[in-house]
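# Coordinate analysis (summary)
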Amino acid sequence: MYNSLIEVIEKYDTIVIARHIGVDPDALCSQLALRDTIRLNYPNKKVLAIGTGSAKFAHIGRLDKLETVENALLIVTDTPDKKRVDSVDFSQFSSIVKIDHHPFMEDFGGLEIIDDEASSACEILMRIIYSTKLEIDSKISELLYMGVVSDSNRFLFDSSTPALFSLISYFLAKYPFSISECYQKLYLRPMNEVRLEGYIALNMKVTENGLGYIPITNDVILQFGVDSASAGNMINNFNFIKEVVVWVTMTEDVKNSQIRVSIRSRGPEINKIAEKYHGGGHKFASGARVKTMEEAMQIVNDLDHLLEKYQSEVETNDN
Ligand code: AMP
């Protein structure tokens, strides 16, 4: 399958690399790493990484301007469905490739390289590069590592397998970079965000079934002087609370007139409930975008019912 990817890359002189809306480090790092790898190995090709950037991740790397292209290949990383691909008109492209680690949602009509057990899109790229002997450099190696670290939340999940650590070891030895500088790029944050984290810890409601939830309204966002995207990303900092098995943030995004509902679990699988509200995601990390806080609260209620069932099953199994 990886050889088919090389064949299709070799066939096109112009290649555009896209990823999902609401950019995050794995999405960004996977598209930049792939762009830079193709540029390094095929210097005569025109390769563009496109999509809406974010000031927060500007230091990770620069995106390219979207141009009208002809007879071009589109490669989409880290995205399972067409509607969430950022800034792309699919009809413009002669061929399409998907490289993704989300559960399958939709065929893009070309080569599909999917592994929903992989920690990240960057891990799949590491495997591709390792298997096909594409050349990379230390900058690309760092991008790949950042994507893995970010999506695995620093290796907290079962997707952190021996195979992944072996790959990382191989890349780090062959294409070294500074781990501490890499973590600064990912994790340095302003005091305002830490203060908002404190607010969430103080105000999160927890049901007796173990569901933690909190609305983060625009007033709160303004009060703490953070942006809506950063507020929404705080969900990842609330794992490992004894009383909380599933947790939800409902972040108001006035610019897009929507509420970003972000859900995490270390118990039941939650992606089916996210899908019910036209969202989706991984089994234990999902999300949806709804119009009102009332709708967001319906998701919270569904999750609480799911947890009630889950807790009674756990109890039965324990007895
Ligand atoms: P979030 O925490 O809001 O970034 O969402 C977690 C994950 O859920 C994302 O990385 C996506 O895989 C998925 N997700 C979030 N919102 C949606 C949506 N509207 N449609 C499909 N998948 C989504």
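So, here's what we can say about the structure. (Residues numbered from 1 in each chain as written. Predicted model: local features only at pLDDT ≥ 70, side-chain atom pairs only at ≥ 80, totals over all residues. Heavy atoms only, no water.)

Strand pairing in a sheet relies on backbone hydrogen bonds, with the paired strands running either antiparallel or parallel. On the basis of which strands lie adjacent, the open sheet formed by 5 strands has the order β2-β1-β3-β4-β5 and parallel pairing. The sheet is open, and its two borders are formed by β2 (46-49) and β5 (111-114), each paired with just one other strand. Strand-to-strand twist of the sheet, defined as the mean angle between neighbouring strand axes without regard to direction, takes the value 15°. Here helix α3 (residues 121-132) sits on the sheet in contact with β4 (95-100) and β5, set at roughly 110° to β4. (Pairing = 2+ DSSP bridges. Helix = DSSP H or I, 4+ residues; strand = E, 2+ residues; numbered from the N terminus. Axes fitted to C-alpha atoms, helices over the stretch in contact; angles between N-to-C directions. Contact = heavy atoms within 4.5 Å.)

The next point concerns the packing of aromatic side chains. Evaluated as defined, the whole model comprises 10 aromatic pairs. Here F90 and F108 contribute two aromatic rings whose centre-to-centre distance is 5.6 Å and whose plane-to-plane angle is 80°, an arrangement assigned as edge-to-face. Remark: F108 occurs in the loop between β4 and β5 and F90 occurs in the loop between β3 (72-77) and β4; sequence separation between them is 18 residues. Of the two residues, F90 and F108, both sit in the buried class. Judged by centre distance (6.1 Å) and plane angle (20°), the rings of Y183 and Y187 are stacked. Pair noted here: Y183 and Y187 are both in helix α6 (residues 179-187), with a separation of 4 residues, about one helical turn. Among the residues examined, Y187 registers a relative accessible area of 27% and is labelled partly exposed. Counting every residue linked through ring pairs, the aromatic cluster contains Y145, F155, F165, F177, Y183 and Y187. (Phe/Tyr/Trp six-rings, centres within 6.5 Å; stacked < 30°, edge-to-face > 60°. Buried < 20%, exposed > 50% of the residue type's maximum accessible area, 1.4 Å probe, protein only.)

Another aspect to go through is a nonpolar patch on the surface. A grouping of L156, F157 and F240 is seen on the molecular surface, where their side chains present a nonpolar patch of about 300 Å² in accessible area. As for its position among the elements, F240 is in the loop between α9 (228-233) and β8 (246-253). (Patch = residues over 30% accessible without salt bridge, like charges linked within 9 Å, V, L, I, M, F, W, Y side chains within 5 Å. Areas by Shrake-Rupley, 256 points an atom, 1.4 Å probe, with all protein chains shown as cover. Salt bridge = Lys/Arg side-chain N within 4 Å of Asp/Glu carboxyl O.)

Moving on, we get to the nonpolar core. Counting residues in each nonpolar core, the largest one holds 48 residues, and the members touching the most others are I15, I38, I75, I99 and L144. Apart from the residues lying within four places of it in its own chain, the contact partners of I75 are I9, I15, V16, I17, A18, L34, I38, V97 and I99. One finds V246, M250, Y277 and V300 within the second-largest nonpolar core, a separate group that totals 21 residues. (Core = buried A, V, L, I, M, F, W, Y, C linked by side-chain atoms within 4.5 Å.)

Right, let's talk about the packing of α3 against helix α5 (residues 162-174) for a bit. For any two helices packed against each other, the geometry is given by the interaxial angle and the distance between the axes. Axis separation between α3 and α5 bottoms out at 10 Å; the angle between their running directions is 60°. Put simply, α3 runs oblique to α5. Here α3 runs over α5; the crossing is left-handed. Contacts from E123, M126, R127, I129 and Y130 of α3 reach α5 at L164, L167, I168, Y170 and F171. (Parallel < 35°, antiparallel > 145°, perpendicular 65-115°, else oblique. Left-handed = near helix turned anticlockwise from the far one by under 90°.)

Turning to helix α1 (residues 2-11), a few remarks are in order. Of all the positions in α1, only L5, I6, V8 and I9 are classed as buried. Looking straight down α1, one finds its buried side chains confined to an arc of 165°; they lie on one side. Along α1, exposed side chains directed more than 90 degrees from the buried face belong to N3, E7 and K11. The inward-facing, buried residues of α1 abut β1 (14-18), α2 (25-41), β3, β4, β5 and α3. (Arc of directions from axis to C-beta.)

What follows concerns the sheet that holds strand β10 (residues 280-281). Judged by pairing direction, the sheet is mixed, and its 6 strands sit side by side in the order β6-β7-β8-β9-β11-β10 without closing on themselves. Every interior strand has two partners, whereas the edge strands, β6 (205-206) and β10, have only one. Sheet analysis places β6 next to strand β7 (residues 211-216), joined by 2 bridges and oriented antiparallel. What sits directly across from K205, in β7, is Y213. Packing against the sheet, helix α11 (residues 293-318) makes contact with β7, β8, β9 (258-265) and β11 (285-290), and its axis sits at approximately 175° to β8.

The next thing to look at is the environment of E294. Mapped onto the fold, E294 is located in helix α11. A residue is classified by how much of its surface remains accessible, and E294, at 56% relative accessible area, is exposed.

Taken together, 15 residues surround the ligand, and among them H102, R260, S262, R264 and G287 come closest. The fraction of the free accessible surface of the ligand (480 Å²) that becomes covered by protein chains is 89%. Those elements that provide at least two residues to the shell around the ligand are β9, β10 and β11. It is β11 that provides the largest number of residues to the shell around the ligand, a total of 5 residues. When the residues that make up the shell around the ligand are grouped by side-chain class, the tally is 2 nonpolar, 8 polar and 5 charged. (Near = heavy atom within 4 Å. Nonpolar A, V, L, I, M, F, W, Y, C, P; charged D, E, K, R; others polar.)

Interpretation in functional terms is not warranted from these geometric data alone.
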